[in-house]
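Structural description and commentary
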Amino acid sequence: MLSKKMLSILNEQVAKEVYASHLYLAMASWAEEQGLAGISEWFYAQSEEEREHMLKFIRYINERGGHATVPAVEKPPREFPGVREAFDASLEHEKMVSAAINDIVELSLKEKDYATNNWIQWFVEEQREEEDSVQGIIDKLDLLGKHGLYVFDRDIMRMRGEE
Ligand code: FEO
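Just so we're clear, the structure is a prediction, and the values are computed from it rather than from any experiment. (Residues numbered from 1 in each chain as written. Predicted model: local features only at pLDDT ≥ 70, side-chain atom pairs only at ≥ 80, totals over all residues. Heavy atoms only, no water.)

**Comments concerning unusual backbone geometry**
Across the chain, the bulk of peptide bonds are trans and the bulk of non-glycine residues have phi less than zero. Despite not being glycine, lysine 112 shows a phi value in the positive range, around 55 degrees. Mapped onto the elements, lysine 112 comes out in the loop between helix H3 (83-110) and helix H4 (114-144). (Helix = DSSP H or I, 4+ residues; strand = E, 2+ residues; numbered from the N terminus.)

Written out as structure tokens, the structure is:
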């Protein structure tokens, strides 16, 4: 059985994952409208992954005797100043999510809720991978500069196919 505090922080995480999914969806739609098919696909896929994260939290809460809350979702931005800015915003968002996951780890240890501590480790690793992946894209963008954007767009399309 989850504590009240744990139930509350896990439900807050459901909301964060839903927002992440919406944010990436907004970025996908924006990129698609800019004619950047590869980048758009990357964001669409990322949005799906975040939805899966949300489902994992909902199922875990319910499995442990809680009742997950399906939250209202804040509207994400519609426009982004550029591709680099969109990926910068992605990295910032992932860092925020990582900090929130760390808070859950911390609470699980404090409460000696080792089942949650064990379960949440998957997200600790997932966040490390996601931050690394977005940082890798930002590094590539820095190398390419504006004129390489077309090549990069094809490159990112291939990256998705290889995963
Ligand atoms: Fe599910 Fe990327 O945070």
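Back to the write-up after that little detour.
**Digging into the confidence of the model for the protein**
For the protein, per-residue confidence averages 94 on the pLDDT scale, and 96% of positions sit at 70 or higher. Taken element by element, the protein is modelled with least confidence in helix H5 (residues 149-162), mean pLDDT 75, and with most confidence in helix H1 (residues 4-33), mean pLDDT 98. (pLDDT = per-residue confidence, 0-100.)

**Quick notes on the environment of aspartate 139**
As for its position among the elements, aspartate 139 is in helix H4. Counting along the chain gives 117 residues from aspartate 139 to histidine 22, while the straight-line C-alpha distance between them is 25 Å.

**Digging into the pattern of salt bridges**
Taken as a whole and assessed by the stated rule, the structure comprises 5 salt bridges. In this structure, arginine 78 and glutamate 79 form a salt bridge, with 3.7 Å as the shortest nitrogen-oxygen distance. A relative accessible area of 66% places arginine 78 in the exposed class. Across the pair aspartate 88 and arginine 84 runs a salt bridge whose closest N-O atoms are separated by 3.0 Å. Residue aspartate 88 and its partner arginine 84 are both found in helix H3; the two are separated by 4 residues, about one turn of the helix. The class of arginine 84 is partly exposed, set by a relative accessible area of 31%. One network of salt bridges, with partners in common, ties together Arg84, Asp88 and Asp142. (Salt bridge = Lys/Arg side-chain N within 4 Å of Asp/Glu carboxyl O. Buried < 20%, exposed > 50% of the residue type's maximum accessible area, 1.4 Å probe, protein only.)

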